[in-house]
Amino acid sequence: MLLALESVRKRFGGVTALSDGNLSVEAGQVHLLMGENGAGKSTLMKIVAGMIPRDEGRMLWRGQEVFPRSPSDASALGIAMVHQESLLCPHLTVAENIFLGREPVIVSRRQMVEHAARLIREYGFPLAAEDRVDRLSPAGKQMVEICRAVHNGSSLLIFDEPTSSLSLDETEAVFRIVRDLRERGMGVIYITHRLDELRAIGDRVTVLRDGATVHTSPLSDVTTGQIISLMVGRPVSAIYSREALTPGKPLLQVEKLNSAKVHDISFTLHAGEIVGMAGLIGAGRTELCEALFGVDPLRSGSIRVDGRPVSIRSPQDAVRAGIALVSEDRQRTGLALRLPIGANIAMANVPAISPGGVLNLRKQTSNAVHFIDKLRVRASSPRQLAGRLSGGNQQKVVIAKWLFRGARIFLFDEPTRGIDIGAKIEVFEIMHELARSGAAILMISSEMSELLQVADRILVMRAGRVAGELPGRTTQEEIMHLAALEKTA
Amino acid sequence: MRRFQKLLPFLTLIVLFIALWIASPYFLTQTNLSSLVRQTAVINIMALGMTIIIISGGIDLSVGSILAMGGLVGTMAMEKGLPIWIGIAIGLGVGFLCGLLNGVLITQLRIAPFIVTLGTLGIFRGSTLLISGGLPVHNIPAAFSYLGGGNLLGVPFVLWILIACALAVHFILEHTRLGRYAFAIGSNPAAAVYAGIPVAFHTVSVYAIGGLLTGLAGMIEASRLMTGQPTAGSGYELQAIAAVVIGGGSLHGGEGSVVGTLIGAFIMGLLANGSDLLGISNYVQQVIIGAVIILAVAVDELRKRRA
C-alpha cells in the first residue's frame, strides 16, 4: 500500500470540509476520486499534498504515519500534484520550471537544459526544454508539471481535473501519460468530473459526498449511473432530455463573418432554439463568441438582430443589441467576485436601479431577491459575495445579470464547466426556460454527450470555420468526423 | 522585426549618442563623458538593485532615503575619525540593513512592497534628518573624494565600480539560485511556494541586496559632493525605477535584465547631459524624460502584444 488515509477530518472555522476521508492507493494503480464540488475532494488532496494540515485521522505513507506540513515536505516523500490551474512560472523556460526549487546555488544552464531534454525524450512529450512556459498550451503546462514530479522522484501523482481545459488530442495524450506512469509502477490519484472518461483511465474508484468517503471499489464493480447516485446521494438520471420547441422567427442572423481568428461564419439562431456548438479546443468557438460580442473586432460580414442589421464594435454595442455572453471563465469575465450578488446582477443594467441617476440599493437588493428566487440560487443573502458561491450558483448569477438586462440572444461558452451534476441539470433547465420564453441560445460545449442531450441542432467548427451542421439527434462519431476531418480522412 | 524591437532601447541609446556628438562639439570631450559617467553611476547602481527587486515582483520606493542615510552615516563615521574604508563599509552596511528591514516588513507583515517602502521612505528620511540635526557633514578626509571623483586607468573610478556591480548582479540573476528564485517569485508567487522555494528568505535577500547597492551609491554621491547630505537622493527612486522600466523590466515582475537597466539609465543620463549641453532648460528636460518613460513602455507593450 502506497498511501492510506483513515478517518481524516478537517474543519475550517465552523465549517467541516471533511468529516471522514478514507482512501487507499496502491502503486501501479489509477485511483479515481469522484464527488461533487464541495464534497471534500480538494481538501483531501490538499492534505495529502501538504498544502493544509489535517485536524484528525491518520495518513500512512508506505505504512508509516506522516504529517507533511508543506508542499516541499510532500514532495520529499514522493507525492506530487499536477494542478488544474498550472502552478508554473510563466516567464521561465520548461527546463527552469522542471528544476525549480531544486537548483544548486550556482546554476549551470547548459547542464539543466540537457537533463531536462533527456527527461522530455524519455516520456516522449512534445516539449522543448528552452521554450518559455507562457507559450505552452494547457496540456504542455501539465506535461511540464509531470516532468517536474518525475524529476523529483515522486511515486504518487495527483491529477486534479487534468482534462478540463484540454482538447481531445491532448486528453488522449494525458491518458497515455497516465497509463505510462501506471506501467512504471507509480500510484495515480485522478480527480475528474467528466463521466465519459472514467472507463478510459481508472482502476479503482472512491466517491466522496459531504466530506465523507461513501464508496470505494474496483471501477468494474460499479456502473456510471451508480457512481452518480453515490455522488449526489439520491438516484439521478445522468441523461437529461428536453422537449423540443417549435423555433420561432430568426433572432440572430450572422453572414460571412470574419475576424482575425474566425472566417466566413454564417448561421442563424431562431427564437426558442438551443443550438449546440462542437469542435476541438482551438477550433475558434470561443473566438466566434468573442467576435459576436464585440470583444474581438470584426473585419467583415453582417449581423442582424431581429431582422435589423446591427453594428457591433464593442461589448457595449452587443449588450445594447440584446446579446449576452455567459463566458467560459466566469470568475474572470463573468463576475465581480468581491461584490455582492445584488451588485453583480445589476451590473449590466445599473440605470434600471438608479431612478434619477442615483443608485438605489434597496432596489438592487429587492431585484436580487427576485432573481435568486426565480433561478433558485443557493445563497445566504443577496448581500453575499459572488466569490463565495459555488460554481453552479455563480453561473446562475451570471445568467440573472443578463436576464435583468433583458438579453434575448444568449451565447453560453462551456456553461457547465466546473459545476456539479445537480447544478448542471438546473442550468440546462434554465436554458430550456429561456428558450421557451423566446430567447435564442448558442451553447458551446466540449462534452459531446451534453450537446446531444440539450441541443436542437449542432454546428461544428473546425480551424476557425463552421465545418457543418448536424441535427440534434446525431452521434458523437458524426460530430468527431466533422470536428477533426483532416485527422480521420 | 521582433529582434529589432528588442534592440530598440539600445538603438535609441546609440542614436542619441550620435545625435549629441553631431549637435554639440563639447559632447565627445573627456571632461563631458567623465561627468556623464559620474552623474549616471549613482542612479545606475541603485537601478541595478532595483532591477532584482522589480524582477521579483516588488518595488522599493525608499531607495532615495536609504541613499541619504547611508551617505550621511558613512561620512559621520569618517568625521568621527574612523578610517575611510570603515566609513564606506558603514555606509554600505546601513544600506544593507535598511533593505533588510524593508524585506522583513514586507514578508512578515505581508504588506504590499509599495506601501511598506512608501512608509520607510519617510521613516529613513526622517531618521536621517534626526541623526544629522538637519545639517550636512562637511568634515571629511580629502582622500575620500577618490571614490566619486578619481580616475583609474584613464577613466572615472566609478565606471569600474559600476562595471563590477553590473557583472555581479548579472551573475546573480542569470547564474545563481537566488536570481532564478527572484524570477520565479515575480513570475508566479504561488508556483514558487509550491515548488518549495523559501520565498520569504529570498524576498528579504533581494531587498537587502538592493539596499546594499543603494548604500554604495550613497557613498559615491557623498564622495562626489564631499558632503554627507541628509537631503541627498530625494526623487532618485523614481529615476531608478524608470531606468529599469525603460530597459524592459515589468512592474508585474518576472522580467528585466542588467543590460536593459544599464541602457535605460544611460538613456536618461544622456538626455539630461544633452539638454545641459544644448542649453535646454531643466523644466523642459523633465518633460522629455517623462515622455521617454511612457514611450519606452508603450513600445515594449506593443512588442509583447505582437509576440
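Residues numbered from 1 in each chain as written. Chains lettered and ligands numbered in written order. Predicted model: local features only at pLDDT ≥ 70, side-chain atom pairs only at ≥ 80, totals over all residues.

Here we come to the overall build of chain A. Scanning chain A for helices and strands turns up 18 helices and 20 strands. The C-alpha radius of gyration computed for chain A amounts to 24 Å, which stays within 12% of the reference 23 Å derived for 489 residues, consistent with globular compactness. For chain A, the spread of C-alpha atoms along the three principal axes comes to 70 × 50 × 50 Å. For chain A, contacts bridging at least 24 residues in sequence account for 66% of all contacts bridging at least 6. (Helix = DSSP H or I, 4+ residues; strand = E, 2+ residues; numbered from the N terminus. Rg over C-alpha atoms; globule rule 2.2 N^0.38 Å. Contact = placed C-beta atoms within 7 Å.)

Moving on, we come to the sheet that holds strand β11 (residues 250-259) of chain A. The strands making up a sheet associate through backbone hydrogen bonding, with each pair oriented either parallel or antiparallel. All names here are of chain A. The strand order across the open sheet formed by four strands is β12-β11-β14-β15, and the pairing between neighbours is antiparallel. Two strands in the sheet have a free side with no partner beyond their single neighbour: β12 (265-270) and β15 (308-310). With strand direction ignored, the average angle separating the axes of adjacent strands in the sheet is 20°. In this sheet, β15 lies alongside strand β14 (residues 298-305) in antiparallel orientation, the contact comprising three bridges. (Pairing = 2+ DSSP bridges. Axes fitted to C-alpha atoms, helices over the stretch in contact; angles between N-to-C directions.)

In this section: the nonpolar core. Inside soluble globular proteins, nonpolar side chains tend to come together where they are buried. With 156 residues, the main nonpolar core has A:L157, A:Y190, B:I45, B:M46, B:A184 and B:A240 as its most contacted residues. Filtering out sequence-adjacent residues up to four positions away, B:M46 remains in contact with B:V63, B:L67, B:L213, B:T214, B:A217, B:Y236 and B:A240. Core analysis: the second largest hydrophobic core is formed by 81 residues, A:L251, A:A318, A:V326 and A:L403 among them. (Core = buried A, V, L, I, M, F, W, Y, C linked by C-beta atoms within 7 Å. Buried ≥ 20, exposed ≤ 12 C-beta atoms within 10 Å, placed from the backbone.)

Okay, the domain arrangement of chain A next. All names here are of chain A. Assigned domains within chain A: domain 1 (3-232) and domain 2 (250-488). For domain 1 versus domain 2, the separation of C-alpha centres amounts to 32 Å. Sorting elements by how many residues they give to the side of domain 1 that touches domain 2 places helix α8 (residues 224-232) first, with three residues. (Domains from an automatic or database assignment.)

Residue and element names in this part refer to chain A. Spatial strand order, β16-β17-β18-β13-β19-β20: six strands in an open sheet with mixed pairing. Where the open sheet ends on each side, the last strands, each with one partner, are β16 (323-326) and β20 (465-471). Across the sheet, the mean angle from the axis of one strand to that of its neighbour is 20°, orientation sign disregarded. Across five bridges, the pairing between strand β17 (residues 409-413) and strand β18 (residues 440-444) is parallel. Bridging from a neighbouring strand, I409 pairs with A440 of β18. Strand contacts of helix α15 (residues 421-436): β13 (273-279), β17 and β18, with the helix running at about 150° to β18, the strand carrying the most contacts.

Residue and element names in this part refer to chain B. With respect to burial, helix α11 (residues 236-246) is a largely interior element, 10 of its 11 residues being buried. Of the positions making up α11, those classed as buried are Y236, E237, Q239, A240, I241, A242, A243, V244, V245 and I246. At the C-terminal side of α11, G248 shows a positive phi close to 95°.

The next thing to look at is unusual backbone geometry. Phi angles above zero are rare outside glycine, and A:D264 is one such case at about 55°. For A:D264, the position within the fold is in the loop between β11 and β12. For A:D264, a count of 13 C-beta atoms within 10 Å puts it in the partly exposed group. You will see that B:M226, though not glycine, has its phi angle at about 50°, which is positive.

Right, let's get into the interface of chain B and chain A. Listed by partner, the interface residues are 16 residues for chain B and 17 residues for chain A. Secondary-structure elements contributing two or more residues to the side of chain B that touches chain A are α8 (177-187) and α9 (189-194) of chain B. Per element, the largest residue contribution to the side of chain B that touches chain A is five residues, and it comes from α8(B).

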